Amino acid sequence: MTTSATTSRLLLSSPVDILVAVPYLVGFHPARSLVVIGLTGEAPHGQLCLTTRWDLPLPEDGLDPLLPLLRREGVTQVIVVGYGPGALATPAVDAVRDLAREAGLHVRDALRTEARRFWSYLCETAECCPAEGTPFDPTVSSVAVHATVNGLVALPDRAALEESVTGLLDPVARTAMHEATATVAADVRARLAMHPSPDGFAAEFVAEGIARVHSSLAAAAEGVCLDDLEAARLGLDLAVVRIRDEAWTLICEEEEQAHLLLWKDLTRRLEPRFVPPAASLLAMTSWRRGDCATAGIALERALEIDPTYSMANLLMHALCQLMSPKILQDRMPNSEELDREMGSPRLAWLTTMIGLTDPRECLPVSVGET
């Protein structure tokens, strides 16, 4: 789902404008896909408020969450685009048109596109909509320029988007990150062993971790990348739920770019066992921005490493049900409320993190392994 002020400013006045805009709305050029764009307001005008995409062919119940989503977001008009051959795309487009008709929604346009040609399901005039399709040139539309100026990107395909999120480091960088993680892990275990009070150590660790979350986000806002040791330290910090949740509470519209930069960087750089918290934070940030493609990729990465990671499972369920991020963000406590709910730090909070610092977990990971 895409819902953002930037996308709402794109002017979609023709089929070509729609076809040029979709890759920027979903983040990549779709293939074998169904895309539904929702608008608010009365035809022939309207403000773009959301975009959803499905792989084709659709699963049997694939469109079940669509109508609740459209109603929840106040959608009054839809644009439907099928990508691929007619036998694949047409049944899916027809299914959305039927749902829209039942719900009393205006179908502003319904298209199929393949190989730089498009077909309109609403046009029955052979002169303007020939059976062989209408060729189009994406460069004649200004939509791409406006989208780029507003910071939207359209990668070649979903694989390219996935590479931008989870692409492996080169062997030298991966070795350096592995060594930094081993160094930080050994330091944490040594500090704990020498500390006179286990719960006192937990209090110090949590306080330092929360401070590191704030300073790391401030650095990201200035375009500064963490060095390997600081990245490794933050990776260990985020394995503690209280510290991860501090980062979660800080995600807001004004600082979304810093969160995107930091959590995407950590998702790629951290040793795999430390990735799920950072990937989940990246997913939450992306979901808030309406970038469900990136959110889904980040969550797939988190659950590939730890299928039981609760934050990733929670967000994946929300994505699959086409829920609005407002459902979660309105319920998130602030830092003070977290302190009241969780109480004073204690060693039990650090159990997962300490387990991940076990020297047996610190064996070198070959490029390509997880």
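See the structure printed just above.
The text that follows walks through the structure, step by step, so that each part is easy to find. Values in this document were obtained by computation on a predicted structure and should not be read as measured data.

About the cut-offs
- Residues numbered from 1 in each chain as written.
- Predicted model: local features only at pLDDT ≥ 70, side-chain atom pairs only at ≥ 80, totals over all residues.
- Heavy atoms only, no water.
- Axes fitted to C-alpha atoms, helices over the stretch in contact; angles between N-to-C directions.
- Helix = DSSP H or I, 4+ residues; strand = E, 2+ residues; numbered from the N terminus.
- Parallel < 35°, antiparallel > 145°, perpendicular 65-115°, else oblique.
- Left-handed = near helix turned anticlockwise from the far one by under 90°.
- Contact = heavy atoms within 4.5 Å.
- Phe/Tyr/Trp six-rings, centres within 6.5 Å; stacked < 30°, edge-to-face > 60°.
- Buried < 20%, exposed > 50% of the residue type's maximum accessible area, 1.4 Å probe, protein only.
- Salt bridge = Lys/Arg side-chain N within 4 Å of Asp/Glu carboxyl O.
- Core = buried A, V, L, I, M, F, W, Y, C linked by side-chain atoms within 4.5 Å.
- Pairing = 2+ DSSP bridges.
- Right-handed = clockwise from strand over helix to strand, strands pointing away.

As a further point, take the packing of helix 12 (residues 275-288) against helix 14 (residues 310-320). Where helix 12 meets helix 14, the closest approach of the two axes is 9 Å, and the angle between their N-to-C directions is 30 degrees. Overall, the two elements helix 12 and helix 14 adopt an arrangement that is roughly parallel. Helix-helix and strand crossings are classified by hand; for helix 12 and helix 14 the assignment is left-handed. Of helix 14, the residues touching helix 12 (which contributes Ser280, Leu281, Ala283, Met284 and Trp287) are Met311, Ala312, Leu315, Ala318 and Leu319.

In this description, an aromatic ring pair is defined by two values, namely the gap between the centres and the angle between the planes. Summed over the entire model, instances satisfying the criterion amount to two aromatic pairs. Relative to phenylalanine 136, the ring of phenylalanine 118 has its centre 6.1 Å away and its plane inclined at 55 degrees; by these criteria the two rings are tilted. A residue pair is termed long-range when its members are at least 10 positions apart, and phenylalanine 118 in strand 5 (residues 117-120) and phenylalanine 136 in the loop between strand 6 (134-135) and helix 5 (143-149) qualify at 18 residues. On the basis of an interplanar angle of 40 degrees and a centroid distance of 6.1 Å, the ring pair of phenylalanine 201 and phenylalanine 205 is categorised as tilted. Here phenylalanine 201 pairs with phenylalanine 205, and both are found in helix 8 (residues 198-221), just four residues apart, close to one helical turn. For phenylalanine 205, a relative accessible area of 4% corresponds to the buried category.

Moving on to unusual backbone geometry. With an omega of 0 degrees, the peptide bond running from leucine 56 to proline 57 counts as cis. By the element assignment, proline 57 lies in the loop between strand 2 (47-55) and helix 3 (66-72). Even without being a glycine, arginine 116 presents a positive backbone phi close to 60 degrees. As for its position among the elements, arginine 116 is in the loop between strand 4 (106-114) and strand 5. A residue is classified by how much of its surface remains accessible, and arginine 116, at 53% relative accessible area, is exposed. Although it is not a glycine, leucine 322 sits at a positive phi angle of roughly 55 degrees.

Turning our eyes to something else, we now look at the pattern of salt bridges. For the structure shown, the criterion picks out 20 salt bridges. With a shortest N-O distance of 2.7 Å, aspartate 245 and arginine 244 are connected by a salt bridge. Across the pair, arginine 244 and aspartate 245 agree in class, each one buried. Overlapping salt bridges, with partners in common, bring together Arg158, Glu162 and Glu300 in one network.

For the rest of this paragraph, the subject is the nonpolar core. Among the nonpolar cores identified, the biggest contains 62 residues, and Phe205, Leu238, Trp263, Leu266, Trp287 and Leu350 are the most heavily contacted of them. Judged by nonpolar contacts, the second largest core, of 26 residues, contains Leu50, Leu69, Leu88 and Leu99.

On to the pairing of strand 4, then. Inspection of the sheet shows strand 3 (residues 77-83) paired to strand 4 by seven bridges, in the parallel sense. The partner of glutamine 77 across the bridge, within strand 4, is histidine 106. Regarding the hand of the β-α-β motif, the stretch spanning strand 3, helix 4 (residues 86-103) and strand 4 is right-handed. Bridge count for strand 4 against strand 5 is four bridges, and the pairing is antiparallel. Across the sheet, residue glutamate 114 finds its bridge partner in strand 5, namely arginine 117. Hairpin connection from strand 4 to strand 5: two residues lie between these consecutive antiparallel strands, with alanine 115 at a positive phi of about 50 degrees.

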